[in-house]
Amino acid sequence: MKNTKEILYSIYQCLYDRYGPQLWWPAEDPFEVMVGAILTQNTNWKNVERAINNLKEANLLDPYKIQKMKSQKLASLIRPAGYFNVKAGRLKAFVQYFISHYSASVEAMKGEKTEVLRENLLNVKGIGPETADSILLYALEHPVFVIDAYTKRILSRHKILDGSHNYEAYQQLFHESLPLDTELFNEYHALIVRVGKEHCRTKQVCNGCPLSIFLP
DNA sequence: GACCAGGCACATC
DNA sequence: GATGTGCATGGT
């Protein structure tokens with residue numbers, strides 16, 4: 001194995017061979033993806049599904065309805081996703097942006113330049129780099145690589161990039177090493193989460209991890 | 001009971 | 001600029 005580029009390709013191949021396509025994002029439409037991206041912050045996806053189902057069953061999974069709804073009401077509906085008071089505020093802030101800039105049109109938002117979108121999203125209170133990039137990639141199909149805790153952990157454990165680097169440094173590595181391909185980035189991040197859940201928790205050491213062949 | 005989950009904002013040093 | 005803390009549910 002020579003350079004980072006080859007290693008990142010090989011890791012992807014290894015994960016894809018092992019797990020197959022992950023079919024992300026598990027949501028019915030782009031707005032649901034955006035809501036899910038905010039709700040899943042530091043939270044198990046199962047709990048997010050419960051929260052989203054509550055919104056659906058109440059027929060309130062809609063930007064304008066969320067904008068109008070009382071924060072307390074929203075918080076009670078998304079309760080299973082945890083941090084419900086914080087996340088209620090974040091959802092409110094996001095739909096405000098979505099409505100005021102794009103009249104709640106996914107197509108209008110999609111057409112915006114990636115850099116502009118990312119900067120705008122980061123200015124919404126409660127949306128950080130991972131949430132912004134998840135929205136860009138999984139809801140709007142822009143080719144940006146999503147970095148999460150597993151990505152950092154796996155790359156640092158494999159001595160590809162040590163943990164002292166920030167989000168953008170990790171992202172840059174993927175952007176420089178791979179073609180800017182929405183499908184590839186979609187699958188790659190999902191596969192990292194998949195292998196991370198099984199083999200790369202904080203207090204667990206690479207137990208049976210298929211990526212152990214890449215250890216230095 | 002400890003640990004964990006598809007983070008982020010804010011305070012403090 | 002680095003480090004610490006609050007936010008909170010539900011599963012293992």
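Residues numbered from 1 in each chain as written. Chains lettered and ligands numbered in written order. Predicted model: local features only at pLDDT ≥ 70, side-chain atom pairs only at ≥ 80, totals over all residues.

### A short note on the overall build of chain A
Looking only at helices and strands, one finds twelve helices and zero strands in chain A. Reading the secondary structure of chain A in the N-to-C direction produces α-α-α-α-α-α-α-α-α-α-α-α. By the compact-globule yardstick of 17 Å for 216 residues, chain A fits well, its C-alpha radius of gyration being 18 Å. Projected onto its principal axes, the C-alpha coordinates of chain A cover approximately 55 × 35 × 30 Å. (Helix = DSSP H or I, 4+ residues; strand = E, 2+ residues; numbered from the N terminus. Rg over C-alpha atoms; globule rule 2.2 N^0.38 Å.)

### A word on helix 1 (residues 4-19)
Between its terminal C-alpha atoms helix 1 stretches 22 Å, which fits the 22 Å expected from 16 residues at 1.5 Å a residue. Once helix 1 finishes, G20 follows within two positions and takes phi at roughly 75°, a positive value. (Expected span 1.5 Å × (residues − 1).)

### Things to note about the environment of H189
Take H189: it is sitting in helix 12 (residues 182-199). Judged by the 25 C-beta atoms lying within 10 Å of it, H189 falls in the buried class. Sequence separation of H189 and F145 is 44 residues, and the distance between their C-alpha atoms is 7.3 Å. When near neighbours in sequence (up to four residues on either side) are disregarded, H189 contacts F145 and V146. (Buried ≥ 20, exposed ≤ 12 C-beta atoms within 10 Å, placed from the backbone. Contact = placed C-beta atoms within 7 Å.)

### Let's talk about the protein's contact with DNA strand C
Taken together, the residues surrounding DNA strand C are N42, T43, N44, K46, N47, R79, P80, G82, Y83, F84, N85 and V86. At three residues, helix 6 (residues 84-102) tops the list of elements feeding residues into the surface near DNA strand C. Residue composition of the surface near DNA strand C, grouped by class: four nonpolar, six polar and two charged. (Near = placed C-beta within 6 Å. Nonpolar A, V, L, I, M, F, W, Y, C, P; charged D, E, K, R; others polar.)

### Some details on the domain arrangement of chain A
According to the domain assignment, chain A consists of domain 1 (4-23 + 147-214) and domain 2 (30-139). One C-alpha centre belongs to domain 1, the other to domain 2, and the line joining them spans 26 Å. The element best represented in the side of domain 1 that touches domain 2 is helix 12, accounting for three residues. Its residues assigned to classes, the side of domain 1 that touches domain 2 comprises three nonpolar, two polar and one charged. (Domains from an automatic or database assignment.)

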